[in-house]
Amino acid sequence: MSDTRPVLFFDSGVGGLSIVAPARAALPAARFVYVADSAGFPYGTKSEAEIAARVPALLGRLAERYRPRLIVIACNTASTIALAAVRQALDLPIVGTVPAIKPAAVMSVTRTIGVLGTEATVRQAYVDDLAQRFAADCRVIRHGSAELVQLAEAKLRGEPTDPARYKAVLAGLFDQPGGDRIDVIVNACTHFPLVEAELAAAAAPHAVRFVDGGEGIARRIAHLTDGQDFARDGDDVAVFTGAGGEALAPALARYGFGRIERL
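Criteria and cut-off values
- Residues numbered from 1 in each chain as written.
- Predicted model: local features only at pLDDT ≥ 70, side-chain atom pairs only at ≥ 80, totals over all residues.
- Heavy atoms only, no water.
- Buried < 20%, exposed > 50% of the residue type's maximum accessible area, 1.4 Å probe, protein only.
- Helix = DSSP H or I, 4+ residues; strand = E, 2+ residues; numbered from the N terminus.
- Arc of directions from axis to C-beta.
- Contact = heavy atoms within 4.5 Å.
- Axes fitted to C-alpha atoms, helices over the stretch in contact; angles between N-to-C directions.
- Parallel < 35°, antiparallel > 145°, perpendicular 65-115°, else oblique.
- Left-handed = near helix turned anticlockwise from the far one by under 90°.
- Pairing = 2+ DSSP bridges.

Trainee: Is there a simple way to think about helix 9 (residues 196-203) in this case?
Mentor: An α-helix turns once per 3.6 residues; consequently, residues spaced three or four apart project the same way. Every buried residue belonging to helix 9 is among Leu199, Ala202 and Ala203, and all of these are buried. In a view along the axis of helix 9, the buried residues occupy a sector of 100°, so they form one face of it. Exposed side of helix 9, more than 90 degrees from the buried face: Ala197 and Ala201 are the residues found there. On its buried side, helix 9 packs onto strand 5 (112-117), helix 7 (147-156), helix 8 (163-174), strand 7 (184-187) and strand 8 (209-211).

Right, dumping it as structure tokens:
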């Protein structure tokens, strides 16, 4: 019998689309379901307790409804806080998203790395551990920005965004002690690669490169589904737990999601 189970991507908003793009290139035959927890958006300003309670319960409902073969938590904040609990609760493969500190350390010449994420992500002990394990010889400078999440969502809605706002976000890294030596910035929120071009323009005159985990996650999904059959019994669908899906319909269509549902 053909296997029609989808791969389900989950994020607080539409940042996880930055993971969908490389995953679709790696698995062109797979059916995708994308879930934006717009009723809980944004996660980056919430407490750990709120996220730890919300995410496993919501993913349990989604697993029952869509019967995925695999779930990708395409959100750094949710992954660093709730990944272990989700894996304990659900009997299927769960792929998390963590800051790409390891590849950043490999790339850095100045041995000074910036980690740009949400406020909830950059304060996690999980990030401390990644820095200690993979970038012990680097200075790792962190900055949390809720505004950049909003800018990415606005861009996908087709709204103009002010370049000065991106420059102000990056100043949160560059203006810290040693920040002028940053040569690699980790986009530690899946929303941020969606505005990488704007960030790169705003970074001048600093010569920096940006790195994220999208390609690595796509390879992990491909590995976990290697040898499986893929068949379609419907279109790829974007699911919203609250309002906001309609305004994003054109952007979602560009990523292959022609249908929108409300949970």
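Trainee: Would you mind going over the packing of helix 8 against helix 9 with me for this structure?
Mentor: Any two packed helices are characterised by how steeply their axes cross, that is the angle between the axes, and by the distance between the axes. Two elements in contact, helix 8 and helix 9, have axes separated by 9 Å at closest approach and are oriented at 70°. In this view, helix 8 runs roughly perpendicular relative to helix 9, as classed from their interaxial angle. Crossing of helix 8 over helix 9 shows right-handed handedness. Across the interface between the two elements, Pro163, Tyr166, Lys167, Leu170 and Phe174 from helix 8 touch Glu198, Leu199, Ala202 and Ala203 from helix 9.

Trainee: Can you help me understand the sheet that holds strand 6 (residues 139-144) in this one?
Mentor: Strand pairing in a sheet takes place through backbone hydrogen bonds and is either antiparallel or parallel in direction. Pairing in this open sheet of 4 strands is parallel, and the strands run 6-5-7-8 from one edge to the other. The sheet is open, and its two edges are formed by strand 6 and strand 8, each paired on a single side. On average, each strand axis in the sheet is tilted by 25° relative to the strand beside it, whichever way the strands run. The sheet contact formed by strand 5 and strand 7 spans 4 bridges and is parallel.

Trainee: Help me understand unusual backbone geometry in this model?
Mentor: Comment: phi is negative for the bulk of residues other than glycine, and the bulk of peptide bonds are trans. Residue Pro42 is bonded to the preceding Phe41 through a cis peptide linkage, with omega at -5°. Structurally, Pro42 can be placed in the loop between strand 2 (32-36) and helix 2 (48-66). A cis amide bond links Ala204 to the next residue, Pro205, at an omega of 10°. Looking at the secondary structure, you find Pro205 in the loop between helix 9 and strand 8. Here the phi dihedral of Arg67 falls at roughly 45°; this positive angle occurs in a residue that is not glycine. You can see Arg67 is positioned in the loop between helix 2 and strand 3 (70-73). Positive phi, close to 60°, is recorded for Arg111, a residue that is not glycine. Along the chain, the position of Arg111 falls in the loop between helix 4 (101-107) and strand 5.

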